[in-house]
Structure formats: structure tokens, C-alpha cells
Amino acid sequence: MATVKFDEATRLYPGNDKPSVDKLNIDIEDGEFLVLVGPSGCGKSTSLRMLAGLEEVNAGKIWIGDRDVTNLSPKDRDVAMVFQNYALYPHMTVADNMGFALKIAGVDKGEIRKRVEEAAKILDLEQYLERKPKALSGGQRQRVAMGRAIVRSPQVFLMDEPLSNLDAKLRVQTRTQIASLQRRLGVTTVYVTHDQVEAMTMGDRVAVLKDGILMQCDSPRRMYDHPDNVFVAGFIGSPAMNLLDVDVADGGVKVGGSTVPVERAILDASSGKNITLGVRPEDLELTTEGQGIPVTVDVVEELGADAYIYGSTKAHQHVEADEDAEGERPFIARVDGRKPPKKGETVFLAPKTGHVHAFDASSGQRLGD
Amino acid sequence: MTDIMDPPRAGGSRTKPSRRSLRAKSADGRGGGMVTGAATWPVRIVLTFACVVWLMPIAGLLINSFRTRDSQFNSGWWSVFGNPLDATQWTLNNYDRVLSSADANGANMGEAFINSLVVTVPATVIPILIAAFAAYAFTFMTWRGRNVIFVVIVGLLVVPNQVALVPLLKLYGQLGINQTFLAVWLTHLGFGMPLAVYIFRGYMSGLPGEIIESAKIDGASHFTTFWRLIVPMSVPALASFAIFQFLWVWNDLLVALLFLGRGENTVLTVALQGLQGQTGQGRELIPAAGFVTIIVPVLVFLSLQRFFIRGMTTGAVKG
């Protein structure tokens, strides 16, 4: 078990002029579960592969514990990796798959058997040890891939979207199992996913990447309550945060027909006359007509206790957090599930005081605290 | 009408009747059934006809190989069906003579059989081994000039073997290895390698790359990865090429005649050709000798036929 440190680690693929991972700095604690998350092509898998030694590091360093592993080959790094498609060896039994690394390392046969059986017990695979991977279900294969990593008792677990080949129900189950297994084993883990729900539920800390640049690395709670920039604000949370372009007024910002109070310090920090205001769907309240933001309801999603309304408004320009995103984002608000507004109706919504996030309109950085 | 047609089809395939019944439902009654039924019979007849045409000469050869010289020359092989119990026309003498005694040129089919094995087995195993190593390097290792060298090797596929024969004869003469097994092994190795490298690389590049990466992380060296993972996973491609190379070398006359010639190292194909003397003596031995020659290819094909077509296409198409 060990700490992991990315120190200005950079990966530039030959032929590209922009690095895929640009000066990544992350310190991972011993035993921590860190999730790398971001849209596809953000460099999260590349970062993981750099740590595994499968991808060259063009600049900067990577440390595991107090060893500089930047130029070490994968086998000398003492890491175990779980791949998205599991990468099981098809011609070997489950037991041989799990024991392969130990066999290569020249571990004694009885010892291999013992460790494979221990891992199989943890993962509930005991009755499948003599089967070939093709005779297993998707979930079982996933567990074998996990088992292969556990058996080695490495310093770091690396997982590259290990759940994305499972169906939705199994994915939720396995998510919890992996998280609790990691807590039990206490092995430092770096986990890559594009699914922000996975990121929020599993990680001790979450690192959001975009275009090879680290946007924020924090605990899930802090990430949700205190996004550092517009991108994180729009990426974390489901349904996504509403991001509105609003004008600065005296002592606050103009939102629709009313003024929402915002701290002086925030307004002073802004570079222009307008700022980007972020409001989560659950932080919007219905208000009296003429107040707040007029929203025409397009879709109502009833979830029982709550209902989400998806609508559009002409009062404000929607700010796109991710310029690559396609289509226009709707205005989303959570309302009481017992008496939701009807489709086509116009409702007036105002943010709860103190539950707004302010971002600089040009840089996208968070204003104030 | 439909009832008469049904039984053979049901025996032939389980899926067909259900598909047909679906079609019969959609079309109006028995008209649809008649169309699909009629389509099957010509196919069966053509296939049966083709099989008979192909098998007939072989059957004739087999029957003649057990007949005496006189009966072979005086009546056609089909005449045995008239009086199959006439023991005077049957003999095992042909096989006995073919396998033991020397023929008109002093070659002995029994020895030639062993020689053929001595030529064919190494000339199959060695190219596969080297080509598999090469294909691994072309697929999973990165090195300067990889693609150029691969293109050159595949380009050699278009060079006809005959172009190389005279230079090879000269070269082997200088090395003093003409008329030795080594010369034939080397020649078949050279002629077989480009295709083998091409097929193996195509197959290996279709294997999931994560498996190789996983092995890397597990601490496997290239050597271990090759033997423990790549070779077992490439069995279909290796087997299909092995069949082709084996049959090609076993049936080869040209290379064997040029680089081994006649004498103590003679292989089956050369011995078979020399069996018949210029005056026609020993002609009765040809059918038996022919059967001795094809017995090994037939066994190889039958035992490995499941790889024969599948492996060849997967290897080539996936690349």
C-alpha cells in the first residue's frame, strides 16, 4: 500500500499538438479511493495508463510511495489493473487466470492456490474456479477480473471503467461491492469512469478532467457544494445545474423579474458587468407570478416524491459549461411531486437565497467562496 | 405434396422447417411451401452429382490398387461389381511390392514415405515457429522500420517460386548442401514464410490488446506472453496454416525433384513419378503407390478439418 503522486505528468501523443494529459498534479493518500471522471476524450484513461506504465510520460513524474516510477516498466510498479473488457485469458480457467501473475513471479504452487482461494471466497467465485471465462456471465467475469487484481495484493489498484459492460442493475450492485471491498482491503485505488454517479458514490475524492486538464479534485460533497468552475458545476450533479447568464445589479444579480442578493465580495471579484449564476434544480422554488424567472414547461418527469420540470426561458441565456456538448440544455427545476405544473404552463421560479453559485462570465472560475 | 418433401429437410436442419412454416403462413397456403421445397432439390442433386464426379476416380484408383496386373489391364475397375466374389482378381501384392521392393529406378516407396515425413514435418513446424515469432514482433512490439519490413515480407508473396530456383541451386551448390534434407527444409521455409507471417499477423492483431497489456502488468516478459497467451489463443490460425503448409510440402514435386532428386533421400512424389518405367513395367503399382501417397494428407485433413476453413478466413479477414 502506498501513496500515488502525479507531478506535472504530461502525455503528448506523437502527431498531436495538444497534450492529452496536461501537467496533471494529484496527490493520492495511502488507502484512498480516487475516481477520475470526465467526458470522453478528457484524458482520464490516459492518466490511468500512465500510472500503469502502459503509456509513456513525456514530461513530469509519477511516484508510487517514495519510488519514482516514471520510467519503470509496468511489471516493476507493483500495480494491478482491471480493464473495461476484463482482458481475461480465454484459454485458462478462472483459477489460472487469477494465479497467472503469481505463477510468473515464481510463487510456490500451494501459496498460489491458497491466495486464489482466499480471493475467490471474498468474491464468491469458489464454485467457478475450474471454469473457463466463456462459461461465465458478465458479472462473474467482472469479479474474476477483480480477483486477478486482489490475488496479487499490489500497492495500487487501477480500474478502467470496470462496470461499463454490465447491465444497469448489476452495475449498481457491483458499484457498492467494489467500494466496500476497497475499504476492507485498504488498497490505494484509482478508478476511471465517465459516469458521474459512479464517481460521486464510490470515491473518497473525485478528480474531474477536461481536455487533459484537471478541473477540480475534491470530496464528492465538496465537489457538489462548491464547484470550482462552470465545467465542474455543469458536470457534477444529475439533473445538471442550471447555468444562467445574469446581469449584476445593486447588491445582487437580476434574475428574471427580481433581484437575488449576492455577496459584495463576489460582485467585486467579477471582471465584467455580467456573471454566470449556477442554481441546482433542487434550489429553485416556485414563486408568485411576475417574480423570478418565467419558465415554459416542456416536460414533466414525475418520480413519485419529486417531479422535475424541463422547460425553457427567454429571460436568460443558458451558459454552456462544455462547449463540445450538443443541443440546447433545458432549464431544470425540482418541484413537489404531488402537485407538479402541467406541460405547456408557465411557472415562475426563484433561487433560494444562499444556494447560488457565481462564476466569472469570461474565465468560468468560481467567484467568492 | 408438402408431406413428401418434409422428411429429408427436417433431417437436414432444425431451423429450416420453422422458417419455412413461417413463410408458408405469410404466403397464401401451399404455394409458398412449394417454392422453398423446389429450391432444395436441385441443390441436393447438384451437390450429390459433384461429390460422385469427384469421388469416382478415387474409388476406381482404390479398387484397382487391389487388383492384379492382368485384371487391371484387361478390364475396367467397374467390372468388379459384376463378380466381386471372384478371388483371383484380388491381390495385396501391389502394396507389398510398393512398400518393400525397389522399383525400376531403385527407389522404395516405404523408404520414400519415411523421407517424405522427414521433409514435411520440419518444413511445416519450422516456418510456423519462426513466422509466429515474427508476427508477434510485428503486432505487439514497436520498433523502427516495422511497417516497411512487413510490407517487404508480404511483397515477397508475389514473387513466383520458379524465379528463385536457379539461384538457390547455385547457392546450395556453393554451400555443399544440394541433395540434402537441409536444402529442402530451407527452400520450403523461405517459400512458406511470407504467407505465414501475413496470416498470423492478421490473426494476432485481431486479439484484444488489453490481454497483452494485462500480461505486461502481470509481469509477463515477451517470451512468456508469446508462449503462454499468444500461441494458445492463435491455435486456429496456426493450425490452418499448418494444414496448408503440410499439404503443400507433402504434395510438392518440383522442389523435391530439384533439391533432393532421386536416390536414398527421394520423397514419395518423386518415387511415385519414377515408379513406372519407360517401357511401362510397374504400371500396375501406380494405384497402390498413389494411395500410399495420399493417405497422410487425407488423415491430416480429416483430423484438422474444423480449422481448415475457419482459421484461414479469420486470419486473413481480421487483419
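None of the values given here were measured: they were computed from a predicted structure.

What follows concerns the overall build of chain B. For chain B, the count of helices and strands is 15 helices and zero strands. Among the 319 residues that make up chain B, the fraction classed as buried is 30%. In chain B, once contacts between residues fewer than 6 apart in sequence are set aside, the share between residues at least 24 apart is 75%.

Facing 14 residues of chain B, the contacting portion of chain A comprises 17 residues. Contributing elements (two or more residues each) for the side of chain B that touches chain A: α10 (209-217) and α11 (222-233) of chain B. For the side of chain B that touches chain A, the element with the highest residue contribution is α10(B), accounting for six residues. Among the residues making up the side of chain B that touches chain A, the classes are represented as seven nonpolar, three polar and four charged.

Turning next to the domain arrangement of chain B. Residue and element names in this part refer to chain B. In terms of domain boundaries, chain B breaks down into domain 1 (40-91) and domain 2 (109-316). Spacing between the C-alpha centres of domain 1 and domain 2 amounts to 34 Å. If you look at the interface, domain 1 gives six residues, while domain 2 gives five residues. The element best represented in the side of domain 1 that touches domain 2 is helix α3 (residues 30-65), accounting for four residues.

A few words on the confidence of the model for chain A. Averaged over all residues, the pLDDT of chain A equals 89, while 98% of them reach at least 70. Per-element confidence in chain A ranges from a low mean pLDDT of 76 for strand β18 (residues 317-318) of chain A to a high of 95 for strand β3 (residues 33-37) of chain A.

Once that is clear, we can look at the sheet that holds strand β9 (residues 205-210) of chain A. Residues and elements named next belong to chain A. Taken in spatial order, the six strands of this open sheet run β6-β7-β8-β3-β9-β10, and their pairing is mixed. Looking at strand neighbours, the two that pair on one side only are β6 (79-82) and β10 (213-218), the edges of this open sheet. Ignoring which end each strand starts from, the neighbouring axes of this sheet average 15° apart. Direction of pairing for strand β7 (residues 156-160) relative to strand β8 (residues 188-193): parallel, over a ladder of five bridges. Bridging from a neighbouring strand, D160 pairs with V192 of β8.

Residue and element names in this part refer to chain A. One ladder, built from six bridges, connects strand β16 (residues 293-302) with strand β17 (residues 306-312); its direction is antiparallel. Paired with V297 across the strands is G311, a residue of β17. As consecutive antiparallel partners, β16 and β17 are separated by three residues, and within that stretch G304 has a phi angle of approximately 100°, a positive value. Sheet analysis places β17 next to strand β19 (residues 331-336), joined by six bridges and oriented antiparallel. When the bridges of β19 are listed, Y308 appears paired with R334.

Turning our attention to α11(B). Residue and element names in this part refer to chain B. Within the sequence span of α11, burial applies to T225, L229 and I230. Down the axis of α11, the sector holding all buried residues measures 85°, keeping them to one side. Elements in contact with the buried residues of α11: α6 (109-140), α9 (181-205) and α10.

Our next topic: the environment of A:K273. Residue and element names in this part refer to chain A. Along the polypeptide, K273 turns up in the loop between α9 (264-269) and β14 (274-279). Given 9 C-beta atoms within a 10 Å radius, K273 is considered exposed. Note: C-alpha distance between K273 and V248 (25 residues apart in sequence) is 5.7 Å. Other than its neighbours up to four places away in sequence, K273 contacts D247 and V248.

Residues and elements named next belong to chain B. Per-residue confidence for chain B gives a mean pLDDT of 80, with 81% of residues at or over 70. Below pLDDT 50 for its whole length, residues 313-319 participates in 16 contacts with residues either more than four positions away or in separate chains. Quick note on the complex model: pTM equals 0.77, ipTM equals 0.82.

Right, let's talk about the packing of helix α2 (residues 94-104) of chain A against helix α4 (residues 138-151) of chain A for a bit. Residue and element names in this part refer to chain A. For the pair α2 and α4, interaxial distance at closest approach is 8 Å and the crossing angle is 30°. Our classification of the angle between α2 and α4 gives roughly parallel. Considering only the axes of α2 and α4, their crossing is right-handed. Contact residues: α2 offers V94, N97, M98, G99 and L102, while α4 offers V144, G147, R148 and V151. Each residue belonging to the contact of α2 with α4 can be placed in one class, and the counts come to five nonpolar, three polar and one charged.

Next up on the list: the nonpolar core. By size, the foremost hydrophobic cluster in this structure holds 161 residues, and its most contacted members are A:L158, A:V190, A:A207 and B:F200. Apart from the residues within four sequence positions on either side, A:A207 is in contact with A:I26, A:L34, A:V35, A:L36, A:L214 and A:C217.

Time to look at the sheet that holds strand β5 (residues 67-68) of chain A. Residue and element names in this part refer to chain A. Overall, antiparallel pairing links the four strands, which are arranged β2-β1-β4-β5 in an open sheet. The strands lining the two open edges of the sheet, one partner per strand, are β2 (21-28) and β5. When strand β1 (residues 4-11) meets strand β4 (residues 59-64), the two strands line up antiparallel, connected through five bridges. Among the inter-strand pairings, K5 is bridged to a residue of β4, identified as W63.

What follows concerns unusual backbone geometry. Residues and elements named next belong to chain A. Here S238 and P239 are connected by a cis peptide whose omega angle stands at -5°. Structurally, P239 can be placed in the loop between α8 (230-235) and β11 (242-249). If you check the backbone angles, A87 has positive phi at about 50° while not being a glycine. On the basis of neighbour count, A87 is assigned to the buried category, with 23 C-beta atoms found within 10 Å. In this model, D124 sits at a positive phi of 65°, which is unusual for a non-glycine residue. Within the fold, D124 resides in the loop between α3 (109-123) and α4. Owing to 12 C-beta atoms within 10 Å, D124 belongs among the exposed residues under this scheme.

Each value, and the rule that gives it
- Residues numbered from 1 in each chain as written.
- Chains lettered and ligands numbered in written order.
- Predicted model: local features only at pLDDT ≥ 70, side-chain atom pairs only at ≥ 80, totals over all residues.
- Helix = DSSP H or I, 4+ residues; strand = E, 2+ residues; numbered from the N terminus.
- Buried ≥ 20, exposed ≤ 12 C-beta atoms within 10 Å, placed from the backbone.
- Contact = placed C-beta atoms within 7 Å.
- Nonpolar A, V, L, I, M, F, W, Y, C, P; charged D, E, K, R; others polar.
- Domains from an automatic or database assignment.
- pLDDT = per-residue confidence, 0-100.
- Pairing = 2+ DSSP bridges.
- Axes fitted to C-alpha atoms, helices over the stretch in contact; angles between N-to-C directions.
- Arc of directions from axis to C-beta.
- Parallel < 35°, antiparallel > 145°, perpendicular 65-115°, else oblique.
- Left-handed = near helix turned anticlockwise from the far one by under 90°.
- Core = buried A, V, L, I, M, F, W, Y, C linked by C-beta atoms within 7 Å.

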